[in-house]
Amino acid sequence: MNMELIQTFKKSYFLKMSNDKHLIAQVNSSQINIFENETYKHLAQFKEVGNASVFFSNDSNLLLAKDNDRKLVVYDLATMSIRCKLKPKVGSSNGDGDACISHDNKYIINLGYDFPYGYISVYDIENGKETRFREDMREVYNQIRYIPSRFIDGFRKPNEGTSEKNRYFYLWFDMDNRTFEQTFCDLDDANFLYSEHLEQVLYFTEEGNLAFRILPLNIELPIKHQQGCLDIQLSHNNKMIALYQDNNLKLCTFPNMEILAELSNIGYVIFPSLLMIKKY
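Residues numbered from 1 in each chain as written. Predicted model: local features only at pLDDT ≥ 70, side-chain atom pairs only at ≥ 80, totals over all residues. Heavy atoms only, no water.

Some points on the overall build of the chain
Here is step 1: Helix and strand counts for the chain come out as zero helices and 26 strands.
Here is step 2: Counting the 280 residues in the chain, one finds 47% classified as buried.
Here is step 3: Put simply, of all contacts in the chain between residues at least 6 apart along the chain, 35% involve residues at least 24 apart. (Helix = DSSP H or I, 4+ residues; strand = E, 2+ residues; numbered from the N terminus. Buried < 20%, exposed > 50% of the residue type's maximum accessible area, 1.4 Å probe, protein only. Contact = heavy atoms within 4.5 Å.)

Given below as structure tokens:
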């Protein structure tokens, strides 16, 4: 497979592309830079949130910037200006889970964390009002994804003083009715994916001490179990999968798992329609 280097962005923590593939957000320790994708022209710079995680709206008109303390800022990308600033209630923090913007651009859904448990917040962009859910569930939330409803994954902590283990789950969040449908996975450890092409929830887990496997497809991944970070991401069209482990990347076909390319000394991977990589 021919992998072509298209553009290099210096001093980047990470890059993220808008859903319409028109904009690229470049994030570093103190600012967010917005570039036009085709020409890489610099369009705007935002300095309100340092060390930010960023999330484009589904229609690519808004950008949400979040830190893990108390800052949530929504930007209007048509005017490259601040749309609103949001904050959790006094004494709370945003946590380091994902966030997203609702399909109608009226709400922010944030996966927050107040030690030792997480919560899910819905903010009204117009008035800033925060409504919280699942504060008393002893759960920690990781990712939120656009599907028909919101796909959220995480784990539930055991009661204190017991020998029970964390219980891993995924949630469907119905924004219209503000309801949740929860499914637990009967494994000691699980990480979840959603394949839109297969219309199926997938999860990957350690198989003994040797390998990882994607279930329920029962596909073995071409990586070995070892210490260090493991991240798995599907491409936008679900035809490729990026396997990131211990600063190494394997790009494979999906679901056949034929290796297309291997790279080393990689910082992390973001895989929308193009493969964006931070290289050490």
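There's more to say after this.
A short note on the sheet that holds strand E2 (residues 23–27)
Here is step 1: Overall, antiparallel pairing links the four strands, which are arranged E1-E2-E3-E4 in an open sheet. For this open sheet the edge positions go to strand E1 (14–17) and strand E4 (42–46), each flanked by a neighbour on one side alone. Within this sheet the neighbouring strands show an average axis-to-axis angle of 20 degrees, counted without direction. (Pairing = 2+ DSSP bridges. Axes fitted to C-alpha atoms, helices over the stretch in contact; angles between N-to-C directions.)

Some thoughts on the pairing of E1
Here is step 1: Two elements, E1 and E2, share four bridges in a ladder whose sense is antiparallel. Among the inter-strand pairings, Phe14 is bridged to a residue of E2, identified as Val27.
Here is step 2: Hairpin connection from E1 to E2: five residues lie between these consecutive antiparallel strands, with Lys21 at a positive phi of about 65 degrees.

Some remarks on the pattern of salt bridges
Here is step 1: All chains considered together, the criterion is met by nine salt bridges.
Here is step 2: For Lys89, the salt bridge goes to Glu135, with nearest N and O atoms at 3.5 Å. Residue Lys89 is located in the loop between strand E8 (81–86) and strand E9 (99–101), and its partner Glu135 is located in the loop between strand E12 (130–133) and strand E13 (139–146); the two are separated by 46 residues in the primary sequence.
Here is step 3: Given the relative accessible area of 42%, Lys89 is considered partly exposed.
Here is step 4: Taking relative accessible area as the criterion, Glu135 reaches 39% and is therefore assigned partly exposed.
Here is step 5: Ionic pairing is found between Glu130 and Arg132, a salt bridge with its closest N-O pair at 2.8 Å.
Here is step 6: Members of the salt-bridge network, linked through shared partners, are Lys89, Asp114, Glu130, Arg132 and Glu135. (Salt bridge = Lys/Arg side-chain N within 4 Å of Asp/Glu carboxyl O.)

Details of the environment of Pro158
Here is step 1: Among the secondary structure elements, Pro158 is positioned in the loop between strand E14 (150–156) and strand E15 (167–174).
Here is step 2: A C-alpha to C-alpha distance of 9.2 Å links Pro158 and Glu139, two positions 19 residues apart in sequence.
Here is step 3: Leave out the neighbours within four places in its chain, and Pro158 touches Arg138, Glu164, Lys165 and Asn166.

Description of the side chain of Ser93
Here is step 1: Along the chain, the position of Ser93 falls in the loop between E8 and E9.
Here is step 2: Ser93 sits in the buried class, given a relative accessible area of 19%.

A few points about the packing of aromatic side chains
For any two aromatic rings, the description comes down to two numbers: the centre-to-centre distance and the angle of the planes.
Here is step 1: Overall, the coordinates contain 13 aromatic pairs when judged by the stated rule.
Here is step 2: An aromatic cluster of at least three residues, connected via ring pairs, comprises Phe151, Tyr170, Trp172, Phe192, Tyr194 and Tyr203.
Here is step 3: Here Arg132 stacks its cationic end above the ring of Tyr119, 3.7 Å away from the centre of that ring.
Here is step 4: Positioned above the aromatic ring of Phe184 is the side chain of Arg167, whose terminal nitrogen or guanidinium carbon lies 3.9 Å from the ring centre. (Phe/Tyr/Trp six-rings, centres within 6.5 Å; stacked < 30°, edge-to-face > 60°. Lys NZ or Arg CZ within 6 Å of the ring centre and 35° of its normal.)

On their own, these measurements won't tell you what the molecule is for.
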